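The primary structure of each chain is shown beneath.
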Amino acid sequence: MFVRQVSMVEGQRLQKVTRTAKDPVKLRRAIVVLMSAQGQPAPDIAHLLKVTEDYVRDVIHAFNDRGFDALDPKWSGGAPRRIDEQTRDWICVIARCDPRFLGRPFSCWSLAKLREYLIAAGYVTTISVETIRRALHERGVSWQATKTWKASTDPDFTTKMRRILDLYDHPPPGGRVLCVDEFGPLNLQPRPGRAWRPVGQPVRLRATYTRDQGVRHMIAGLDLSTGKLHHRIRDRKRWREFLSFLKTLRARWPGEHLYLICDNFSPHKHPEVRAWCATNHVDLVFLPTYASWLNWIEAEFAAVRYFALNGTDHRSHAEQDTAIGNYIRWRNQRARPKTGFAINSKIRHPDYPFKAA
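Residues numbered from 1 in each chain as written. Predicted model: local features only at pLDDT ≥ 70, side-chain atom pairs only at ≥ 80, totals over all residues. Heavy atoms only, no water.

With that settled, the discussion passes to a nonpolar patch on the surface. Nonpolar side chains collect at one region of the surface, where W90, V93 and Y123 lie side by side and expose about 260 Å² of accessible area between them. Judged by its relative accessible area of 32%, Y123 is partly exposed. (Patch = residues over 30% accessible without salt bridge, like charges linked within 9 Å, V, L, I, M, F, W, Y side chains within 5 Å. Areas by Shrake-Rupley, 256 points an atom, 1.4 Å probe, with all protein chains shown as cover. Salt bridge = Lys/Arg side-chain N within 4 Å of Asp/Glu carboxyl O. Buried < 20%, exposed > 50% of the residue type's maximum accessible area, 1.4 Å probe, protein only.)

With respect to the element layout, T312 can be found in the loop between α11 (297-309) and α12 (317-333). The class for T312 is buried, based on a relative accessible area of 15%. Engagement of the side chain of T312 in a polar contact is seen with the backbone oxygen of L309, the distance being 2.5 Å. For T312, the contacting residues outside a window of four places in its chain are Q189, P190, R191 and L205. (Helix = DSSP H or I, 4+ residues; strand = E, 2+ residues; numbered from the N terminus. Polar contact = N/O pair within 3.5 Å; in protein donor to acceptor, adjacent residues only side chain to side chain. Contact = heavy atoms within 4.5 Å.)

Take the UniProt feature "domain: Tc1-like transposase DDE" (unreviewed entry) in the protein chain next. Under the UniProt annotation, "domain: Tc1-like transposase DDE" (unreviewed entry) lies at residues 176-311. Taken as a whole, residues 176-311 contains 26% helix and 26% strand, while its terminal C-alpha atoms sit 35 Å from one another. (UniProt positions renumbered as here; feature names shortened; annotations may be inferred.)

Across the 12 residues of strand β1 (residues 175-186), 10 count as buried, placing the element largely inside the fold. Relative to strand β4 (residues 257-262), β1 runs parallel, the two sharing five bridges. Directly across from C179, in β4, lies its bridge partner I261. (Pairing = 2+ DSSP bridges.)

Turning next to a positive patch on the surface. Together, K228, R232, R234 and R252 give the surface a local cluster of positive charge. Looking at the element boundaries, R232 is found in strand β3 (residues 229-234). (Lys, Arg positive; Asp, Glu negative; His and termini not counted. Charge placed at Lys NZ, Arg CZ, Asp CG, Glu CD.)

Moving on, we get to helix α10 (residues 271-279). Listed as buried for α10 are V273, W276 and C277. One side of α10 holds all its buried residues, which, seen down the axis, span an arc of 100 degrees. Residues of α10 that are exposed and point over 90 degrees away from its buried face: P271, A278 and T279. Packing partners of the buried residues in α10 comprise α9 (239-252) and β5 (282-286). Immediately downstream of α10, the backbone of H281 shows phi near 55 degrees, a positive value. (Arc of directions from axis to C-beta.)

Let us now look at the environment of E319. Within the element layout of this structure, E319 appears in helix α12. Residues E319 and L188, 131 residues apart in the sequence, show an inter-C-alpha distance of 9.8 Å.

Time to look at the nonpolar core. Counting residues in hydrophobic clusters, the biggest one holds 35 residues, and the most contacted among them are Y168, C179, M218, I261, L294 and I324. Every element with two or more residues in this core is listed here: α8 (157-169), β1, β2 (216-223), β3, β4, α11 and α12. The residues touching M218, leaving out its near neighbours within four places in the chain, are D181, E182, F183, L186, H231, R232, I233, F301, I324 and I328. One finds F242, W253, L260 and C277 within the second-largest nonpolar core, a separate group that totals 19 residues. (Core = buried A, V, L, I, M, F, W, Y, C linked by side-chain atoms within 4.5 Å.)

What follows concerns the environment of E272. Mapping E272 onto the fold places it in helix α10. When its relative accessible area of 43% is taken as the criterion, E272 is described as partly exposed. As a C-alpha pair, E272 and Y168 span 104 residues in sequence and 27 Å in three-dimensional space.

It is the contact of helix α2 (residues 24-37) with helix α4 (residues 53-66), at a shortest axis distance of 10 Å, that shows an interaxial angle of 80 degrees. Relative to α4, α2 is oriented roughly perpendicular. Contacts between α2 and α4 pair R28, R29, V32, V33 and S36 from the former with Y55, V56, V59, I60 and F63 from the latter. (Axes fitted to C-alpha atoms, helices over the stretch in contact; angles between N-to-C directions. Parallel < 35°, antiparallel > 145°, perpendicular 65-115°, else oblique.)

The five strands are arranged β3-β2-β1-β4-β5 in an open sheet whose pairing can be described as mixed. Each edge of the open sheet carries a strand with a single partner, namely β3 and β5. Taken over all neighbouring pairs, the strand axes of this sheet differ in orientation by 25 degrees on average, direction set aside. Relative to β3, β2 runs antiparallel, the two sharing six bridges. Note on β3: the bridge partner recorded for A220 is H231. Together, β1, β2 and β3 form the strand contacts of α12, whose direction differs from that of β3 by roughly 175 degrees.

This part is about the packing of aromatic side chains. The description of an aromatic ring pair uses the distance of the two centres, along with the angle that the planes make with each other. Counted according to the given criterion, the structure contains 13 aromatic pairs. Between F157 and Y352, the aromatic rings sit 6.3 Å apart at their centres with planes inclined by 55 degrees, giving tilted as the arrangement. You can see F157 sitting in helix α8 and its partner Y352 sitting in the segment after α12, a full 195 residues away along the chain. The exposure class assigned to F157 is buried, which follows from its relative accessible area of 8%. Accessibility expressed as a relative area gives 15% for Y352, which makes it buried. Taking the centre distance of 5.1 Å and the plane angle of 65 degrees together, the rings of Y168 and W296 count as edge-to-face. Here Y168 is found in helix α8, whereas its partner W296 is found in the loop between β5 and α11, with 128 residues between them in sequence. (Phe/Tyr/Trp six-rings, centres within 6.5 Å; stacked < 30°, edge-to-face > 60°.)

Take a look at the structure:
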């Protein structure tokens, strides 16, 4: 027996499957069909592929009946599930509960403790830890770290947020928007990090308990029009250092009005700073209280920490300052304009923060 007549398009598709299929079952079935379409009888195909003639005939019959769907393996078998779907749903519900609410004297479940509770409460007579793990995984319940959050108490939160988003989306003509903030304190200490290493051979860093060289602070501004980061590292972060940094920004773009997005740190609001800004075409745009996540520079600081500091053990501030400066120069060479802040975030909804999540 032979496979039905295969069209030119089907033949090309079969050839592609035989070249690209990664599943061995699908590959073998495609070869059977292709060889049969080329006129080779079932006994010859079975001999070449080291399979039975019945297998070849079954594949040909299936392809004649169902087409290319017959090439996909249909895995089946194994013992039937002893834990029904409703019980699996209950496992997920209980796993998301606080154990103390159910009378257990601990704050989180382990798989073993969850198994013990399910049996003691009569949900199942017996169940393995692996079955519980699979039930949780199938329903999208995973082991996650607890996160903290803080809602803004600023009565003008919406107004301030909308102005900042508008500056991000529509920079004023003849103006330049910059996000400004402090990064630090920069201690001299071994910093844990990650690196590609042979299995079982992690990088080792010294432990430290004495840090007698003080700390430093980085003041930085992110230029949204170019995506470049401009910074200075100083011993202090008082209003004097902040004002000095603003003067460097002013000198960099002498003919443009500057809009500086910054948080409510007291040096940013010092009378001397405000007076200088008022006479030098600089607008200080303050973030809402407890809303530093609106400052675009925060993501850049996270990258500085990850790529320039994590996994290092600098022994002097000069060495550490050089490492930070080298990374920022490398980054600025590849910088692109910053556009599209949190496009799909719920903060873009007209009713935020009053719209329910």
